[in-house]
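Coordinate analysis (summary)
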Amino acid sequence: MSLWVALRISKGITDPIQSLAQATEEVASGNLNFRLDLKREDEIGLLINSFNHMISELKESKETLQDAYLKSDRERLWLENILKNINSGVVLLDIPGSILTINNSACSILNVSSKDLIGKNYKELMSRINSEELQSMIKGIIIRDLGSIQKDVRVISGEKSHILRVFVTILRNDSFTPIGLLVVFDDLTDVVKAQKALAWEEVARRIAHEIKNPLTPIKLSTERMLKKWEQQDKEFGQVFERATKTIVKEVDSLKRLVDEFSKLGTMPEIKKTPSNLHNIIDEVIDLYKDYKSFTLKKSIPDNL
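What you see is a predicted model; the values in this text were computed from it and never measured. (Residues numbered from 1 in each chain as written. Predicted model: local features only at pLDDT ≥ 70, side-chain atom pairs only at ≥ 80, totals over all residues. Heavy atoms only, no water.)

**Section: the nonpolar core**
Put simply, the rule reads: As used in this record, nonpolar core signifies buried Ala, Val, Leu, Ile, Met, Phe, Trp, Tyr and Cys residues forming a set joined through side-chain atoms within 4.5 Å. Relative accessibility thresholds used throughout: buried, under 20% of the residue-type maximum; exposed, over 50%; partly exposed, between the two (1.4 Å probe, protein chains only). Secondary structure elements follow DSSP: runs of H or I of four or more residues count as helices, runs of E of two or more count as strands, with numbering from the N terminus. Residues count as neighbours in contact if any of their non-hydrogen atoms are within 4.5 Å of one another.
In this structure, Val91, Ile102, Leu110, Leu134, Leu164, Val166 and Phe185 are the most contacted members of the largest nonpolar core, which totals 24 residues. Only β1 (89-93), β2 (99-102), α3 (104-110), α4 (122-126), α5 (132-139), β3 (148-157), β4 (160-172) and β5 (178-187) provide two or more residues apiece to this core. Val91 has contacts with Ile99, Thr101, Ile102, Ala106, Leu181, Leu182, Val183 and Phe185, leaving out every residue within four places of it along the chain. Met225, Val239, Ala243 and Ile247 belong to the second largest nonpolar core, which has 6 residues in total.

**Brief notes about the packing of aromatic side chains**
Rules: Here is the rule: rings of Phe, Tyr and Trp (six-membered ring for Trp) pair when centre to centre is within 6.5 Å. Planes less than 30 degrees apart are stacked, more than 60 are edge-to-face, and the remainder are tilted.
Tallying each qualifying case throughout the model produces 2 aromatic pairs. Taken together, the ring pairs in this structure connect Trp229, Phe236 and Phe240 into an aromatic cluster.

**Here's the deal with the pairing of β3**
For clarity, the threshold we go by: Strand pairing is assigned whenever DSSP detects at least two bridges linking the two strands.
Sheet topology places β3 next to β4; 10 bridges connect them, and they run antiparallel. Bridge pairing in β4 places Asp152 opposite Arg165. Hairpin geometry of β3 and β4 is characterised by an intervening segment of 2 residues between the two adjacent antiparallel strands and by a positive phi of about 70° at Gly158.

Encoded structure:
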């Protein structure tokens, strides 16, 4: 009877322990869906319940980690695709200044290869760029005191010259500790060229207008002299004097325009001075008064 009782008691202990050992092997092999279906009210039952609870928590933690990994991997792929396809150049540096990321646009603009720069200090990249403005900008950056900096600089990389708008900002973690430096730049070369073309177009239009104004009185004065000469008019001497003065004055105006433009590349500054309106109106009337198809009458107050 004692032997039977002893065997009965030992079997009640060894069988659950053996099942628990087999369950542990299943879990170790990666099967987190395995459960022990043994109902006991003693210490063995408490151990089995704890084991099942532990497996449930492990499965939940694994699923959470998998979800987090998938989300992180998706975000990484999104970020890589964004950096790959945007037109702006992007360079990411860590605190010591090593290059962590440089996208395709940055390599294309600066005529460099990412394989030669990833993991290397930013000075390696700077050695391939000729730009005193950019060098000065980099020297002024103190990593822990930097907020954001934006500046337009001219750089020469290889045989190409570019005008870049460079934006530099520090990256911080949740505790505001600096973790890296982000450099974003856009190539404004074509934009600046287009702006210059539009500016020159406007300058050309204004110059054409300013040149056209003096040409009219020059043409009219010349035609009037020629007409008086052909008619052998007695007033030719007076007309010749007035017409030549007009021509000389307008030619001087053209000369000033050309001189100002050649010196400054801009339209000459307008200098306003008091003038006698009687004389100005008389000059205009004098240009047209010989035309027979119409008559000009002047009516001006004497005190004007």
